Amino acid sequence: MESYDVVIVGAGFAGLVAARELSRRGRSTVVLEARDRIGGRTWTDERLGRRLEMGGTWVHWAQPHTWSEITRYGLAVEPSPTSESVHWIAGGEVHRGSSEEFDALIAPGMDRLAADSRHWFPQPYEPLRRPDLDRIDALSVADYFAGLDLAPAAREVITGVWAEHFNAPAAVSGLSQAMRWCAAASGDWRLLHEATSGCRLSAGTAALASAIATDTAADLRLGTRVVGVAQQDGGAVVTTADGNRITAKRVICTLPLNVLDTIDFQPALPAAKRSAATERTASQGLKTWIRVRGEIPPFTAYAPDTHPLTFARTEYTVDGDTVLVAFGTRAADLDPTDKAGVAQALRAWRDDLKVVDVAGHNWMTDEFSRETWPMQRPGQLTAYLAALQRPHGCVHFAGSDVANGWAGFIDGAIESGLTAAAQVTAAPRP
(Lines give C-alpha, C1' and ligand atoms only; values in the text may rest on other atoms or scores of the structure.)
Protein backbone atom coordinates (compact mmCIF):
# COMPACT_ATOMS: atom_id res chain seq x y z
CA MET A 1 0.00 0.00 0.00
CA GLU A 2 1.00 3.64 -0.44
CA SER A 3 2.61 5.53 2.41
CA TYR A 4 2.76 9.26 3.21
CA ASP A 5 3.80 11.37 6.14
CA VAL A 6 0.36 13.00 6.20
CA VAL A 7 -3.06 12.21 4.73
CA ILE A 8 -5.47 15.16 4.62
CA VAL A 9 -9.17 14.39 4.28
CA GLY A 10 -10.92 17.17 2.36
CA ALA A 11 -9.76 19.84 -0.10
CA GLY A 12 -11.59 22.84 1.29
CA PHE A 13 -9.59 25.84 2.45
CA ALA A 14 -8.51 24.14 5.69
CA GLY A 15 -7.17 21.10 3.85
CA LEU A 16 -5.51 23.06 1.06
CA VAL A 17 -3.72 25.41 3.46
CA ALA A 18 -2.57 22.53 5.67
CA ALA A 19 -1.28 20.69 2.60
CA ARG A 20 0.68 23.72 1.41
CA GLU A 21 2.28 24.29 4.79
CA LEU A 22 3.23 20.65 5.35
CA SER A 23 4.57 20.02 1.87
CA ARG A 24 6.73 23.13 2.19
CA ARG A 25 8.13 21.69 5.40
CA GLY A 26 9.18 18.52 3.67
CA ARG A 27 6.28 16.28 4.67
CA SER A 28 5.04 13.94 1.96
CA THR A 29 1.34 14.77 1.83
CA VAL A 30 -1.74 13.57 -0.04
CA VAL A 31 -5.13 15.30 -0.03
CA LEU A 32 -8.16 13.06 -0.54
CA GLU A 33 -11.28 14.91 -1.70
CA ALA A 34 -14.63 13.17 -2.22
CA ARG A 35 -15.96 15.80 -4.63
CA ASP A 36 -14.79 16.31 -8.20
CA ARG A 37 -13.58 19.82 -7.33
CA ILE A 38 -11.69 21.65 -4.61
CA GLY A 39 -13.09 24.36 -2.35
CA GLY A 40 -15.46 22.46 -0.06
CA ARG A 41 -18.41 24.67 0.81
CA THR A 42 -17.13 27.39 -1.50
CA TRP A 43 -17.98 26.78 -5.13
CA THR A 44 -17.76 29.28 -7.99
CA ASP A 45 -19.98 28.22 -10.88
CA GLU A 46 -21.50 29.69 -14.04
CA ARG A 47 -25.20 30.33 -13.42
CA LEU A 48 -27.80 32.86 -14.59
CA GLY A 49 -25.44 34.26 -17.19
CA ARG A 50 -22.43 34.98 -15.00
CA ARG A 51 -20.01 33.60 -12.43
CA LEU A 52 -21.75 33.10 -9.06
CA GLU A 53 -20.83 31.74 -5.64
CA MET A 54 -22.94 28.73 -4.69
CA GLY A 55 -21.43 28.69 -1.19
CA GLY A 56 -19.13 30.98 0.82
CA THR A 57 -18.61 34.36 -0.82
CA TRP A 58 -17.45 37.39 1.15
CA VAL A 59 -13.99 38.35 2.37
CA HIS A 60 -12.63 41.38 4.20
CA TRP A 61 -9.41 42.92 5.47
CA ALA A 62 -10.77 42.55 9.01
CA GLN A 63 -10.39 38.79 8.55
CA PRO A 64 -6.62 38.45 8.89
CA HIS A 65 -5.95 34.96 7.56
CA THR A 66 -8.05 35.39 4.43
CA TRP A 67 -6.58 38.80 3.68
CA SER A 68 -3.08 37.44 4.07
CA GLU A 69 -3.82 34.79 1.45
CA ILE A 70 -5.38 37.34 -0.90
CA THR A 71 -2.25 39.47 -0.54
CA ARG A 72 0.06 36.49 -1.01
CA TYR A 73 -1.49 35.61 -4.37
CA GLY A 74 -2.22 39.14 -5.57
CA LEU A 75 -5.95 38.63 -6.06
CA ALA A 76 -8.35 41.49 -6.69
CA VAL A 77 -11.42 42.24 -4.61
CA GLU A 78 -14.49 44.34 -5.26
CA PRO A 79 -17.29 45.75 -3.08
CA SER A 80 -20.84 44.48 -3.14
CA PRO A 81 -23.29 47.20 -4.26
CA THR A 82 -24.35 49.85 -1.75
CA SER A 83 -28.10 49.69 -1.21
CA GLU A 84 -30.19 52.76 -1.90
CA SER A 85 -33.07 51.46 0.23
CA VAL A 86 -33.91 48.80 2.80
CA HIS A 87 -37.17 46.84 3.02
CA TRP A 88 -37.99 45.12 6.30
CA ILE A 89 -40.96 43.22 7.65
CA ALA A 90 -42.17 43.96 11.18
CA GLY A 91 -45.60 43.48 12.70
CA GLY A 92 -46.72 41.74 9.53
CA GLU A 93 -46.14 44.82 7.40
CA VAL A 94 -43.44 45.83 4.92
CA HIS A 95 -41.53 48.98 5.75
CA ARG A 96 -39.14 50.88 3.53
CA GLY A 97 -36.45 53.37 4.41
CA SER A 98 -32.85 54.34 3.97
CA SER A 99 -29.91 52.32 5.27
CA GLU A 100 -29.47 54.98 7.96
CA GLU A 101 -33.08 54.58 9.08
CA PHE A 102 -32.75 50.81 9.25
CA ASP A 103 -29.50 51.02 11.21
CA ALA A 104 -31.16 53.41 13.66
CA LEU A 105 -33.92 50.85 14.21
CA ILE A 106 -31.56 48.01 15.11
CA ALA A 107 -28.84 50.11 16.78
CA PRO A 108 -30.09 49.86 20.41
CA GLY A 109 -30.02 46.07 20.40
CA MET A 110 -26.89 45.76 18.30
CA ASP A 111 -24.99 48.29 20.39
CA ARG A 112 -25.81 46.32 23.54
CA LEU A 113 -24.77 43.01 21.97
CA ALA A 114 -21.52 44.48 20.66
CA ALA A 115 -20.64 45.93 24.07
CA ASP A 116 -21.40 42.63 25.79
CA SER A 117 -19.27 40.79 23.25
CA ARG A 118 -16.19 42.74 24.31
CA HIS A 119 -16.91 41.78 27.92
CA TRP A 120 -17.32 38.06 27.30
CA PHE A 121 -14.70 37.72 24.55
CA PRO A 122 -11.96 40.26 25.32
CA GLN A 123 -9.50 38.26 23.18
CA PRO A 124 -11.50 36.80 20.29
CA TYR A 125 -8.88 34.20 19.35
CA GLU A 126 -9.13 32.75 22.86
CA PRO A 127 -12.89 32.12 22.90
CA LEU A 128 -12.76 29.94 26.03
CA ARG A 129 -10.66 32.38 28.02
CA ARG A 130 -13.38 33.30 30.53
CA PRO A 131 -14.22 30.48 32.97
CA ASP A 132 -17.81 31.70 33.45
CA LEU A 133 -18.97 31.47 29.83
CA ASP A 134 -21.66 29.00 30.81
CA ARG A 135 -23.64 32.02 32.06
CA ILE A 136 -24.34 33.06 28.48
CA ASP A 137 -23.56 29.98 26.43
CA ALA A 138 -26.90 28.33 27.11
CA LEU A 139 -28.78 31.28 25.62
CA SER A 140 -29.92 31.72 22.03
CA VAL A 141 -29.97 35.06 20.25
CA ALA A 142 -33.77 34.93 20.55
CA ASP A 143 -33.41 34.58 24.33
CA TYR A 144 -30.98 37.47 24.50
CA PHE A 145 -33.05 40.01 22.58
CA ALA A 146 -36.22 38.90 24.36
CA GLY A 147 -34.54 40.00 27.59
CA LEU A 148 -33.63 43.49 26.38
CA ASP A 149 -35.86 46.54 26.70
CA LEU A 150 -36.49 47.05 23.00
CA ALA A 151 -39.45 48.24 20.97
CA PRO A 152 -41.37 45.22 19.59
CA ALA A 153 -40.56 46.11 15.98
CA ALA A 154 -36.87 46.54 16.74
CA ARG A 155 -36.76 43.20 18.58
CA GLU A 156 -38.49 41.38 15.73
CA VAL A 157 -36.22 42.85 13.08
CA ILE A 158 -32.93 42.43 14.92
CA THR A 159 -33.76 38.82 15.81
CA GLY A 160 -34.40 38.20 12.12
CA VAL A 161 -31.09 39.82 11.21
CA TRP A 162 -29.23 37.39 13.46
CA ALA A 163 -31.22 34.44 12.16
CA GLU A 164 -29.95 35.40 8.72
CA HIS A 165 -26.39 35.61 10.04
CA PHE A 166 -26.71 32.08 11.42
CA ASN A 167 -28.62 30.67 8.44
CA ALA A 168 -30.81 29.14 11.13
CA PRO A 169 -33.87 29.95 13.26
CA ALA A 170 -32.97 32.40 16.03
CA ALA A 171 -34.17 29.98 18.71
CA VAL A 172 -31.35 27.52 17.89
CA SER A 173 -28.68 30.15 17.20
CA GLY A 174 -26.13 30.34 20.01
CA LEU A 175 -25.65 33.75 21.62
CA SER A 176 -21.98 33.03 22.29
CA GLN A 177 -21.23 32.63 18.59
CA ALA A 178 -22.99 35.90 17.79
CA MET A 179 -20.81 37.58 20.39
CA ARG A 180 -17.68 35.90 19.02
CA TRP A 181 -18.39 37.42 15.60
CA CYS A 182 -18.89 40.88 17.13
CA ALA A 183 -15.71 40.53 19.16
CA ALA A 184 -13.74 39.50 16.07
CA ALA A 185 -14.99 42.74 14.46
CA SER A 186 -13.54 44.69 17.41
CA GLY A 187 -16.95 45.05 19.03
CA ASP A 188 -18.29 47.10 16.11
CA TRP A 189 -21.46 45.63 14.58
CA ARG A 190 -21.33 47.96 11.58
CA LEU A 191 -17.84 46.65 10.82
CA LEU A 192 -19.20 43.15 11.35
CA HIS A 193 -21.86 43.68 8.67
CA GLU A 194 -19.27 45.10 6.31
CA ALA A 195 -16.85 42.25 6.98
CA THR A 196 -19.45 39.54 6.48
CA SER A 197 -21.04 40.77 3.26
CA GLY A 198 -19.28 43.85 1.96
CA CYS A 199 -16.42 42.62 -0.22
CA ARG A 200 -15.93 39.70 -2.61
CA LEU A 201 -13.15 38.23 -4.73
CA SER A 202 -13.37 39.57 -8.28
CA ALA A 203 -12.44 36.18 -9.79
CA GLY A 204 -14.41 34.20 -7.21
CA THR A 205 -13.44 32.04 -4.27
CA ALA A 206 -12.31 29.36 -6.73
CA ALA A 207 -9.42 31.63 -7.72
CA LEU A 208 -8.09 31.67 -4.15
CA ALA A 209 -8.57 27.94 -3.68
CA SER A 210 -6.81 27.26 -6.98
CA ALA A 211 -3.90 29.55 -6.06
CA ILE A 212 -3.35 27.68 -2.80
CA ALA A 213 -3.66 24.27 -4.47
CA THR A 214 -1.14 25.25 -7.15
CA ASP A 215 1.26 26.42 -4.46
CA THR A 216 1.69 22.99 -2.88
CA ALA A 217 3.71 19.89 -3.66
CA ALA A 218 1.07 17.66 -2.09
CA ASP A 219 -0.71 15.03 -4.17
CA LEU A 220 -4.34 16.01 -4.73
CA ARG A 221 -6.89 13.30 -5.54
CA LEU A 222 -10.43 14.25 -6.41
CA GLY A 223 -13.33 11.83 -6.37
CA THR A 224 -11.68 9.92 -3.53
CA ARG A 225 -13.96 9.39 -0.55
CA VAL A 226 -12.48 8.33 2.78
CA VAL A 227 -14.54 5.78 4.70
CA GLY A 228 -12.17 4.62 7.43
CA VAL A 229 -9.24 5.75 9.56
CA ALA A 230 -7.70 2.98 11.68
CA GLN A 231 -4.88 3.96 14.01
CA GLN A 232 -2.03 1.57 14.61
CA ASP A 233 1.43 1.77 16.15
CA GLY A 234 3.25 4.67 14.56
CA GLY A 235 0.40 6.03 12.47
CA ALA A 236 -2.86 5.17 10.74
CA VAL A 237 -4.33 3.36 7.77
CA VAL A 238 -6.77 5.42 5.71
CA THR A 239 -9.29 3.44 3.64
CA THR A 240 -11.12 4.91 0.66
CA ALA A 241 -14.50 3.94 -0.77
CA ASP A 242 -12.88 2.06 -3.64
CA GLY A 243 -10.96 -0.14 -1.22
CA ASN A 244 -7.53 1.48 -1.47
CA ARG A 245 -5.52 1.84 1.71
CA ILE A 246 -2.90 4.47 2.48
CA THR A 247 -0.66 4.51 5.51
CA ALA A 248 0.34 7.78 7.16
CA LYS A 249 2.13 8.96 10.25
CA ARG A 250 -0.48 11.67 10.74
CA VAL A 251 -4.00 12.36 9.46
CA ILE A 252 -5.79 15.72 9.28
CA CYS A 253 -9.57 15.45 8.99
CA THR A 254 -11.25 18.60 7.67
CA LEU A 255 -14.78 17.24 7.18
CA PRO A 256 -17.71 19.41 8.30
CA LEU A 257 -19.02 18.43 11.72
CA ASN A 258 -22.32 17.20 10.31
CA VAL A 259 -20.61 14.51 8.21
CA LEU A 260 -17.95 13.46 10.70
CA ASP A 261 -19.91 10.27 11.32
CA THR A 262 -19.42 9.11 7.72
CA ILE A 263 -15.89 7.94 8.59
CA ASP A 264 -15.30 4.81 10.66
CA PHE A 265 -12.64 5.92 13.14
CA GLN A 266 -10.79 3.17 14.98
CA PRO A 267 -10.48 3.60 17.86
CA ALA A 268 -13.79 5.44 18.00
CA LEU A 269 -13.80 9.19 18.44
CA PRO A 270 -14.13 10.48 22.01
CA ALA A 271 -17.68 10.92 23.31
CA ALA A 272 -17.63 14.73 23.05
CA LYS A 273 -16.76 14.66 19.34
CA ARG A 274 -19.47 12.07 18.68
CA SER A 275 -22.06 14.04 20.66
CA ALA A 276 -21.26 17.26 18.79
CA ALA A 277 -21.65 15.47 15.45
CA THR A 278 -24.95 13.97 16.58
CA GLU A 279 -26.33 17.34 17.74
CA ARG A 280 -25.16 18.99 14.52
CA THR A 281 -24.63 22.67 13.92
CA ALA A 282 -27.36 25.31 13.99
CA SER A 283 -27.15 26.10 10.26
CA GLN A 284 -29.99 24.53 8.31
CA GLY A 285 -30.78 27.16 5.73
CA LEU A 286 -30.40 27.96 2.06
CA LYS A 287 -28.81 30.35 -0.36
CA THR A 288 -30.38 31.18 -3.70
CA TRP A 289 -29.55 33.49 -6.59
CA ILE A 290 -32.47 35.25 -8.31
CA ARG A 291 -32.39 36.89 -11.72
CA VAL A 292 -35.12 39.50 -12.09
CA ARG A 293 -36.17 41.45 -15.16
CA GLY A 294 -34.60 44.87 -15.65
CA GLU A 295 -31.95 46.84 -13.85
CA ILE A 296 -33.22 47.43 -10.32
CA PRO A 297 -31.81 50.13 -8.02
CA PRO A 298 -29.76 48.38 -5.31
CA PHE A 299 -31.76 47.40 -2.23
CA THR A 300 -31.55 45.11 0.81
CA ALA A 301 -34.44 43.26 2.45
CA TYR A 302 -34.87 41.60 5.86
CA ALA A 303 -37.63 39.40 7.27
CA PRO A 304 -38.27 37.43 10.49
CA ASP A 305 -37.12 33.81 10.48
CA THR A 306 -40.72 32.65 10.07
CA HIS A 307 -40.47 33.67 6.41
CA PRO A 308 -39.00 31.37 3.73
CA LEU A 309 -36.42 34.05 2.88
CA THR A 310 -34.95 36.27 5.59
CA PHE A 311 -32.56 38.33 3.46
CA ALA A 312 -32.25 39.51 -0.14
CA ARG A 313 -29.92 41.98 -1.83
CA THR A 314 -28.94 43.11 -5.30
CA GLU A 315 -25.47 41.92 -6.34
CA TYR A 316 -25.00 42.06 -10.13
CA THR A 317 -26.47 43.21 -13.44
CA VAL A 318 -26.49 40.82 -16.40
CA ASP A 319 -27.61 41.84 -19.91
CA GLY A 320 -30.08 44.39 -18.64
CA ASP A 321 -31.35 42.22 -15.77
CA THR A 322 -30.50 42.23 -12.05
CA VAL A 323 -29.20 39.30 -9.99
CA LEU A 324 -30.11 39.14 -6.31
CA VAL A 325 -28.66 36.93 -3.61
CA ALA A 326 -31.05 35.66 -0.93
CA PHE A 327 -30.95 33.47 2.17
CA GLY A 328 -33.50 31.56 4.22
CA THR A 329 -33.23 29.74 7.54
CA ARG A 330 -34.95 26.46 6.64
CA ALA A 331 -33.83 24.61 3.53
CA ALA A 332 -36.51 22.01 4.21
CA ASP A 333 -39.18 24.67 3.50
CA LEU A 334 -37.81 26.12 0.26
CA ASP A 335 -35.81 24.57 -2.57
CA PRO A 336 -33.25 27.18 -3.73
CA THR A 337 -33.77 26.03 -7.32
CA ASP A 338 -37.59 26.26 -7.21
CA LYS A 339 -38.36 29.30 -9.35
CA ALA A 340 -42.03 29.54 -8.35
CA GLY A 341 -41.32 29.06 -4.65
CA VAL A 342 -38.49 31.57 -4.57
CA ALA A 343 -40.56 34.11 -6.53
CA GLN A 344 -43.40 33.76 -4.06
CA ALA A 345 -41.02 34.26 -1.12
CA LEU A 346 -39.55 37.37 -2.76
CA ARG A 347 -43.02 38.87 -3.08
CA ALA A 348 -43.19 39.16 0.71
CA TRP A 349 -41.10 42.32 0.21
CA ARG A 350 -41.77 43.34 -3.36
CA ASP A 351 -44.46 42.29 -5.82
CA ASP A 352 -43.05 44.46 -8.61
CA LEU A 353 -40.16 42.15 -9.51
CA LYS A 354 -40.42 39.63 -12.34
CA VAL A 355 -38.34 36.54 -11.58
CA VAL A 356 -36.62 35.22 -14.72
CA ASP A 357 -34.70 32.32 -13.20
CA VAL A 358 -33.11 31.09 -9.96
CA ALA A 359 -30.04 29.04 -9.06
CA GLY A 360 -28.69 27.45 -5.93
CA HIS A 361 -27.35 24.33 -4.25
CA ASN A 362 -28.95 22.51 -1.33
CA TRP A 363 -26.06 22.15 1.09
CA MET A 364 -28.25 20.46 3.68
CA THR A 365 -28.86 17.46 1.41
CA ASP A 366 -25.31 17.49 0.02
CA GLU A 367 -23.82 14.22 1.30
CA PHE A 368 -20.43 15.85 1.82
CA SER A 369 -21.60 18.82 3.92
CA ARG A 370 -25.11 18.48 5.44
CA GLU A 371 -24.69 22.07 6.64
CA THR A 372 -24.12 25.53 5.25
CA TRP A 373 -21.62 27.73 7.08
CA PRO A 374 -21.01 26.19 10.53
CA MET A 375 -22.71 28.00 13.40
CA GLN A 376 -23.00 26.81 16.99
CA ARG A 377 -26.17 26.03 18.88
CA PRO A 378 -26.65 27.22 22.47
CA GLY A 379 -24.28 25.40 24.79
CA GLN A 380 -21.98 24.02 22.10
CA LEU A 381 -19.10 26.44 22.65
CA THR A 382 -18.33 25.38 26.21
CA ALA A 383 -19.42 21.78 25.75
CA TYR A 384 -17.52 20.91 22.59
CA LEU A 385 -15.08 23.41 21.09
CA ALA A 386 -12.02 22.36 23.10
CA ALA A 387 -12.79 18.68 22.52
CA LEU A 388 -13.32 19.20 18.77
CA GLN A 389 -9.97 20.95 18.46
CA ARG A 390 -8.08 18.26 20.37
CA PRO A 391 -6.21 15.60 18.32
CA HIS A 392 -7.39 12.00 18.60
CA GLY A 393 -4.16 10.05 18.70
CA CYS A 394 -2.44 10.76 15.40
CA VAL A 395 -5.61 12.26 13.88
CA HIS A 396 -5.89 16.06 13.88
CA PHE A 397 -8.94 18.13 13.04
CA ALA A 398 -9.41 21.34 11.05
CA GLY A 399 -12.21 23.27 9.43
CA SER A 400 -14.18 26.42 10.09
CA ASP A 401 -16.27 24.47 12.63
CA VAL A 402 -13.30 24.30 15.00
CA ALA A 403 -11.73 27.74 14.44
CA ASN A 404 -11.05 30.13 17.28
CA GLY A 405 -11.62 33.46 15.52
CA TRP A 406 -13.91 33.91 12.51
CA ALA A 407 -15.62 30.52 12.92
CA GLY A 408 -18.09 30.03 10.09
CA PHE A 409 -16.00 31.88 7.49
CA ILE A 410 -13.24 31.09 5.02
CA ASP A 411 -10.98 32.88 7.48
CA GLY A 412 -11.77 30.31 10.16
CA ALA A 413 -11.00 27.46 7.78
CA ILE A 414 -7.62 28.95 6.89
CA GLU A 415 -6.82 29.59 10.56
CA SER A 416 -7.59 25.99 11.48
CA GLY A 417 -5.57 24.63 8.55
CA LEU A 418 -2.54 26.59 9.73
CA THR A 419 -3.08 25.36 13.29
CA ALA A 420 -3.38 21.71 12.27
CA ALA A 421 -0.25 21.94 10.12
CA ALA A 422 1.65 23.42 13.07
CA GLN A 423 0.43 20.61 15.33
CA VAL A 424 1.60 17.98 12.88
CA THR A 425 4.96 19.70 12.40
CA ALA A 426 5.50 19.89 16.16
CA ALA A 427 4.49 16.27 16.78
CA PRO A 428 7.39 13.83 17.17
CA ARG A 429 7.96 11.61 14.17
CA PRO A 430 7.51 7.89 14.93
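For the structure itself, consult the block above.
Since we're looking at a predicted model, the values are computed, not measured.

## With respect to the packing of aromatic side chains
At step 1: Counted under the stated rule, the structure contains 14 aromatic pairs.
At step 2: For the pair F311 and F327, a centre-to-centre distance of 6.1 Å together with 45° between the ring planes defines the contact as tilted. Of this pair, F311 sits in strand β16 (residues 311–318) while F327 sits in strand β17 (residues 321–328), placing them 16 residues apart in sequence.
At step 3: Here F311 falls in the buried class, since its relative accessible area comes to 5%.
At step 4: The interplanar angle of 80° and the centroid separation of 5.5 Å between the aromatic rings of F327 and W373 together place this pair among those described as edge-to-face.

## Some remarks on the pairing of strand β15 (residues 299–302)
At step 1: Burial along β15 is two-sided: the face carrying F299 and A301 and the face carrying T300 and Y302 are both buried.
At step 2: In this structure, strand β6 (residues 85–90) lies alongside β15, joined through four bridges in parallel fashion. For S85, the partnering residue across the bridge sits in β15 and is F299.
At step 3: In terms of strand pairing, β15 meets β16 through three bridges, oriented antiparallel. Paired with Y302 across the strands is F311, a residue of β16.

## Quick notes on helix α6 (residues 152–166)
At step 1: Counted at 1.5 Å a residue, the expected span for α6 with its 15 residues is 21 Å, and the 21 Å between its end C-alpha atoms agrees.
At step 2: With 11 of its 15 residues buried, α6 lies for the most part within the structure.
At step 3: What α6 keeps buried is the set A154, V157, I158, T159, G160, V161, W162, A163, E164, H165 and F166.
At step 4: Positive backbone phi, approximately 55°, marks N167, located one or two places after α6.

## Comments concerning the nonpolar core
Looking at soluble globular proteins, one finds that nonpolar side chains tend to be buried together.
At step 1: In this structure, F102, L113, F121, F145, W162, M179 and W289 are the most contacted members of the largest nonpolar core, which totals 57 residues.
At step 2: Not counting residues up to four positions away in its chain, the partners in contact with F102 are V86, W88, V157, V161 and Y302.

## Notes on helix α2 (residues 64–72)
At step 1: Among the residues of α2, H65, T66, E69 and I70 are the ones counted as buried. Taken around the axis of α2, the buried residues stretch over an arc of 140°, which confines them to a single face.
At step 2: Where α2 is buried, its residues meet α1 (13–24), β5 (77–79), β8 (199–201), α9 (205–214) and α13 (410–426).
At step 3: Just past α2, the residue G74 takes up positive phi, approximately 60°.

So, how was this worked out
- Along each chain, the written sequence defines residue order, and numbers are assigned to residues from 1.
- Given that this is a predicted model, residues contribute local features only at a pLDDT of at least 70 and side-chain atom pairs are listed and counted only at 80 or more, while totals for whole chains, interfaces and linings are drawn from all residues.
- Note that water and hydrogens are dropped before the side-chain values are worked out from all heavy atoms of the structure.
- Stacked, tilted and edge-to-face are the three classes applied to pairs of Phe, Tyr and Trp rings, where Trp contributes its six-membered ring and a pair requires centres within 6.5 Å; stacked means planes under 30 degrees apart, edge-to-face means over 60, and tilted covers the rest.
- Secondary structure elements are defined from DSSP: runs of H or I of at least 4 residues count as helices, runs of E of at least 2 residues count as strands, and each element is numbered from the N terminus.
- Only protein chains enter the calculation, and the probe is 1.4 Å; a residue is then buried if its accessible area is under 20% of its type maximum, exposed if over 50%, and partly exposed in between.
- In short, DSSP must find at least two bridges between two strands for them to pair.
- To estimate the expected span of a helix, subtract one from its residue number and multiply by 1.5 Å.
- Buried Ala, Val, Leu, Ile, Met, Phe, Trp, Tyr and Cys residues form a nonpolar core when they are joined through side-chain atoms within 4.5 Å.
- Note on definitions: a residue-residue contact is assigned when non-hydrogen atoms from the two residues lie within 4.5 Å.
- Taking the helix axis as origin, the arc is that swept by the directions to the C-beta atoms.

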